Every structure is written in C-alpha cells, then in structure tokens.
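Below, each chain spelled out in residue letters.
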Amino acid sequence: MSIDEHFLSGKLLSSLSTFAIGGPARYYFEARQISHAKEALEWARQKSIPVFVLGRGSNSLFDDRGFDGLVLHNRIDFCEFSESSVYVGAGYNFSLLGVQTARRGFSGLEFASGIPGSVGGAVFMNAGANLRETCEPLSEVLYLDESGEERVFEKKDLVFSYRTSPFQKRRGCILAARFELEEKEGARKSQLEIVDYRMKTQPYKEKSVGCIFRNPSAKSSAGALIEKCGLKGATCGGAQVSTLHANFIINAEQASSSDVLALIEKIQETVAKESGVHLETEVRKVDFS
Ligand SMILES: Cc1cc2nc3c(=O)[nH]c(=O)nc-3n(C[C@H](O)[C@H](O)[C@H](O)COP(=O)(O)OP(=O)(O)OC[C@H]3O[C@@H](n4cnc5c(N)ncnc54)[C@H](O)[C@@H]3O)c2cc1C
C-alpha cells in the first residue's frame, strides 16, 4: 500500500493537545513503527512540506488556523526491560513509564509519573520535576535526522540544561530512548508521593499544558512571581490563570490560541513591570506556517 493513503487531511489539532486548542493539520500521519516515521519524513522532504513532530501534545500550543504542513504523530510505543535498563519507543507514555519502573523497584524515573507527555517529548523538553530531569537517567537516544539517517546518540554526546535539549535545534524525530535505572527500596513509595503532591497542587482536571513559563532561575519560581502580582484567576477571553497554580494557564471556556497568547503577554508585562523579570515561555508555540 502506498504511504499517501495513510495521510489524513484536516485532522483537528485541538483533539491532539491537552490544551484542546488548534485548528486542522494540512496533513496528519500516525507513525506506529520506526519505518513509518522514516517514510513520512522522506515524503515531506521530497515535497518540501514543513513537519511538526507530535508526542502527546502536553506542551504544544497550536494555532487556531491549524498547521500548514505535516503533523507527524509519534506513536512508536514499544517498551523493553532488561535488568536495570529500559528501552522505550518515543511515543510511549512517560508518566506510565514512571509508574512501571517504580513498581518494579527501580529508581530514576519516579518524577515522570504525572507528566502527561511522551518519552520523545520528555527527552526533547528535558522534562523534569522534583529536582530531577529526564537527562539524568537517560543513556542513549535513537534519532532520525532530517535527511532520513538513523543515528544513536550517547548521553556523553548530548548537552542538556533546564528544559533544554540539543534536539530543540534539530529538525528530525526522536525514535526511542534508553534509561539506566537503579534498584532502590522505596522507589514506588516516592513515586506515589510525587503523584499525590501533584494532584493537590496542580490543576490536573483542567485543560492546560502544564507550566507556561520557565522559572527565571533555580531560586526564583515563575508561579510565585505571577501570584505576587495578583494574577491568579486573571482571564483573556476563555483563557485563565489557574487559581490553584499561577504558572498554569487553563482553557476555561473554549479559549482560542490568541486568548492564550494575549494572557501570556499580559502576564509578561505585569511581571516585568512589578518585579523587573522577563518571563520566557516553556510551552512550544506552533505557528500556522
Ligand atoms: C497537567 C500537566 C502537568 C505537567 N507537568 C510537567 C512537569 O512537572 N514537568 C515538565 O517538564 N513538564 C510538565 N508538563 C509539560 C509536558 O507534559 C512536558 O513538557 C512533556 O515532556 C511534553 O511531552 P509531549 O509528548 O506531550 O510533547 P508535545 O507537546 O507533543 O511536543 C512538545 C515539543 O516536543 C517535540 N517533540 C515531541 N516528541 C518528539 C519526538 N519524538 N521527536 C522530536 N521532537 C518531539 C515537539 O515537536 C514539540 O516541539 C505538564 C503538562 C501538563 C498538561
């Protein structure tokens, strides 16, 4: 069967983002195997169509007009345990991985439980919580670069920092990742405590993309700065600053991407005026073209 038959047109991106915002994708393709991702990237390259690689859409703000290119949805979700190492497809549920590894008595990914992204998204964003980051237990990444070449990157070849990975400067697709964990009594208990704390302090039942802004420094939290300005509950159209956690914007009432962008600007201006700090966004804004 030709690959062209597997592309959909007009898939609504709002259905693929935890924000529930976004218009149609010009082309949409679901890659369940590495070979599918390769074929789709090659197809787009030959036709000079821009590509957006999507994981679980929990850190992406799509445009109301959608995306004028190919949304390559990474659903490669194998998971292979071998002693203290786990090799997982980039589309695997990162939160579930945190639960499963802790249940097996392994430590290193407890912080992942409750982060509603994919493994690929977590590596791309260097997602983190509870003073831990994805790059710490990571040992290697299987990557498909723009030209269609598969490459294995070992951690020593990669430089990560706070919510930043070298993949943010590349245009390919993370296919799989390997994590090295440590057997530890109490891993499951810490993982359960992490989830419990998250549920109490973050608006999990609302539509959001987690923290909208990066913390300005290790000592200063964006949420505290926003709260200090009295912005909890502030709205722009259907977008609202969460009353539970000031660094979350929620889609309270059919918010559009412009509502969210207007609220982001309002927060940035207010915080800059009152504390002199410029807040940078953590959410990935996906422009129409
Ligand atoms: C309720 C809630 C709580 C959250 N808590 C946290 C938290 O504690 N810590 C934290 O760090 N984040 C948190 N987040 C944000 C989000 O879950 C993470 O950033 C997560 O890692 C994003 O993964 P994703 O697969 O959903 O990424 P997506 O939104 O699908 O994509 C995000 C970016 O990654 C790129 N990408 C995704 N997959 C691939 C791939 N296979 N290859 C190449 N590029 C790829 C995309 O192109 C995009 O630029 C939270 C979000 C929500 C909704």
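Residues numbered from 1 in each chain as written. Predicted model: local features only at pLDDT ≥ 70, side-chain atom pairs only at ≥ 80, totals over all residues. Heavy atoms only, no water.

Moving on, we get to the sheet that holds strand 7 (residues 85-89). Hydrogen bonds between backbone atoms are what pair the strands of a sheet, whose relative direction is either parallel or antiparallel. Sheet architecture is open: five strands sit in the order 6-7-13-11-12, paired in antiparallel fashion. Only two strands of the sheet have a single neighbouring strand rather than two, namely strand 6 (79-82) and strand 12 (150-154). Mean inter-strand twist for the sheet, computed between neighbouring axes without regard to direction, equals 15 degrees. Sheet topology note: the strand 11 (residues 138-144)/strand 13 (residues 173-180) ladder contains six bridges and is antiparallel. Across the sheet, residue Val141 finds its bridge partner in strand 13, namely Ala177. (Pairing = 2+ DSSP bridges. Helix = DSSP H or I, 4+ residues; strand = E, 2+ residues; numbered from the N terminus. Axes fitted to C-alpha atoms, helices over the stretch in contact; angles between N-to-C directions.)

It is worth spelling out the site of the ligand at this point. The environment of the ligand is made up of 36 residues, and the closest members are Val53, Gly55, Ser58, Ser118 and Gly128. Gly55 is positioned such that a nitrogen or oxygen atom in its backbone is 2.7 Å from an oxygen atom of the ligand. Interatomic distance of 3.4 Å between a side-chain N/O atom of Asn74 and a nitrogen atom of the ligand. Summarising the interface, the protein chains cover 95% of the accessible area of the ligand, which totals 970 Å² for the free molecule. In terms of residue class, the shell around the ligand is built from 16 nonpolar, 16 polar and four charged. (Near = heavy atom within 4 Å. Polar contact = N/O pair within 3.5 Å; in protein donor to acceptor, adjacent residues only side chain to side chain. Areas by Shrake-Rupley, 256 points an atom, 1.4 Å probe, with all protein chains shown as cover. Nonpolar A, V, L, I, M, F, W, Y, C, P; charged D, E, K, R; others polar.)

Right, let's get into the domain arrangement of the protein. Domain boundaries assigned for the protein yield domain 1 (3-74), domain 2 (79-190) and domain 3 (203-286). Interface of domain 1 and domain 2: buried area, both sides summed, is about 1200 Å²; carbon and sulfur atoms make up 62% of it. Inspection of the region where domain 1 meets domain 2 yields one salt bridge. Note that Lys38 and Glu150 form a salt bridge whose closest N and O atoms lie 2.9 Å from each other. Broken down by element, the side of domain 1 that touches domain 2 gets its largest block of residues, five residues, from helix 1 (residues 34-46). Looking at side-chain class alone, the side of domain 1 that touches domain 2 contains four nonpolar, four polar and three charged residues. (Domains from an automatic or database assignment. Buried area = accessible area lost by both parts, 1.4 Å probe. Salt bridge = Lys/Arg side-chain N within 4 Å of Asp/Glu carboxyl O.)

With respect to topology, four strands assemble into an open sheet ordered 1-2-5-3, the strand pairing being mixed. Two strands close off the open sheet at either side, each with one partner strand: strand 1 (11-12) and strand 3 (51-54). In terms of strand pairing, strand 3 meets strand 5 (residues 67-74) through four bridges, oriented parallel. For Leu54, the partnering residue across the bridge sits in strand 5 and is His73.

A separate point is the pairing of strand 11. Two faces, one strand: in a regular strand the side chains alternate between the faces of the sheet. With six of seven residues buried, strand 11 is to be regarded as a mostly interior element. Here strand 11 pairs with strand 12 via five bridges, running antiparallel. Bridge assignment links Leu142 to a residue of strand 12, and that residue is Val152. (Buried < 20%, exposed > 50% of the residue type's maximum accessible area, 1.4 Å probe, protein only.)

Further remarks concern the pairing of strand 2 (residues 24-31). Strand direction decides the pairing type here: strand 1 and strand 2, joined by two bridges, are antiparallel. By the bridge assignment, Lys11 is partnered in strand 2 with Ala25. Examined bridge by bridge, strand 2 and strand 5 share six bridges and lie parallel to one another. Considered in strand 5, the bridge of Phe29 is made with Leu72.

Next up on the list: the pattern of salt bridges. Counted under the stated rule, the structure contains 15 salt bridges. Among the ionic pairs, Glu42 bridges to Arg45, the shortest N-O distance being 2.9 Å. One end of the pair, Glu42, and the other, Arg45, are both in helix 1, three residues apart, so they sit about a helical turn from each other. Two residues, Lys200 and Asp196, come together in a salt bridge whose shortest N-O distance is 2.9 Å. A residue pair is termed a helical-turn pair when its members lie 3 or 4 positions apart in one helix, as Lys200 and Asp196 do in helix 4 (residues 187-201) at four residues. Because the salt bridges share partners, they merge into one network encompassing Glu30, Arg32 and Arg75.

Another point: the nonpolar core. Ranked by internal contacts, the top residues of the largest apolar core, which has 28 residues, are Phe94, Leu97, Leu109, Val119, Val123, Phe167 and Phe179. Residues within four places of Phe179 in sequence aside, it is in contact with Ser84, Ser85, Val86, Val88, Phe94, Leu97, Leu109, Val119, Thr134, Pro137, Leu138 and Ser139. (Core = buried A, V, L, I, M, F, W, Y, C linked by side-chain atoms within 4.5 Å. Contact = heavy atoms within 4.5 Å.)

Within the secondary structure, Gln191 is located in helix 4. Judged by its relative accessible area of 2%, Gln191 is buried. There is a polar contact of 2.6 Å between the side chain of Gln191 and the side chain of Arg188. Apart from the residues lying within four places of it in its own chain, the contact partners of Gln191 are Gly98, Val99, Ala102, Glu110 and Ser113.

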